[in-house]
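Tertiary structure, described
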Amino acid sequence: QVQLVESGGGLVQAGGSLRLSCAASGRTFSSYTMAWVRQAPGKEREFVAGIRWSGANTYYADSVKGRFTISRDNAKNTVYLQMNSLKPEDTAVYYCAAGSGVVYTRPLEYNYWGQGTQVTVSS
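In this report, we go over the structure that sits alongside the text. Residue numbering note: each chain is counted from 1, following its sequence as written. Reporting in this predicted model follows two pLDDT cut-offs: at least 70 for local features of residues, and 80 or more for side-chain atom pairs to be given and counted; totals over whole chains, interfaces and linings ignore these cut-offs and use all residues. The side-chain values count all of the structure's non-hydrogen atoms but skip hydrogen atoms and water molecules.

**What to know about the pattern of salt bridges**
Between Lys or Arg on one side and Asp or Glu on the other, a salt bridge is scored when a side-chain nitrogen of the former is within 4 Å of a carboxyl oxygen of the latter. Scanning all chains against the criterion turns up 5 salt bridges. Between R38 and E46 there is a salt bridge, and its shortest N-O distance comes to 2.8 Å. E46 sits in the partly exposed class, given a relative accessible area of 32%. Residue R38 pairs with D90 through a salt bridge whose shortest N-O separation is 2.9 Å. Here the residue R38 occupies a position in strand β4 (residues 33–39), and D90 occupies one in the loop between β8 (78–83) and β9 (92–99), the gap between them amounting to 52 residues. Residue classification places R38 among the buried positions, given a relative accessible area of 6%. Classification of D90 as buried rests on a relative accessible area of 1%. Because the salt bridges share partners, they merge into one network encompassing R38, E46, R67 and D90. Burial here depends on accessible area, computed with a 1.4 Å probe over protein chains only, as a share of the maximum for the residue type. Under 20% is buried, over 50% is exposed, and the range in between is partly exposed. Only DSSP runs of H or I with at least four residues qualify as helices, and only runs of E with at least two residues qualify as strands; both kinds are numbered from the N terminus onward.

Structural data, given as structure tokens:
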């Protein structure tokens with residue numbers, strides 16, 4: 001099992017940047033596929049970005065491609081989401097999730113979840 005704790009959310013103006021972190025506990029972190037998923041008020045959870053265990057393969061939702069970057073440091077049991085050129089429509093609770101195998105774009109495929117961190121982008 002793995003426990004996930006997100007941090008780094010906050011309030012930022014449109015065009016600004018934030019870096020989210022997700023710290024994982026458990027000695028098997030490096031074997032998990034990791035993802036960031038967000039949920040805006042009144043909407044379903046939406047896949048944002050994912051990364052395979054080695055970090056060699058990354059995947060992004062079209063809405064964030066070119067603006068967000070996912071990365072991981074297996075030595076630190078941490079996955080990151082660098083968010084640049086933020087837009088008001090990026091406002092959501094951002095969750096870190098862990099799963100096995102490939103990067104799934106369906107949030108339900110992930111087995112472990114953090115508690116979420118709020119990101120608010122003002123116009």
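**Here we look at the environment of Q39**
Mapped onto the secondary structure, Q39 falls in strand β4. Spatially, the C-alpha atom of Q39 lies 5.3 Å from that of V93, the residues being 54 residues apart in sequence. Contact partners of Q39, with chain neighbours within four places excluded, come to E44, R45, A92, V93 and Y95. By definition in these notes, contact holds between two residues if any of their heavy atoms fall within 4.5 Å.

**A word on the environment of V64**
In this structure, V64 sits in the loop between β6 (58–60) and β7 (68–73). Here V64 falls in the buried class, since its relative accessible area comes to 0%. As for V64 and G50, which are separated by 14 residues in sequence, their C-alpha atoms are 12 Å apart. Residues within four places of V64 in sequence aside, it is in contact with R38 and V48.

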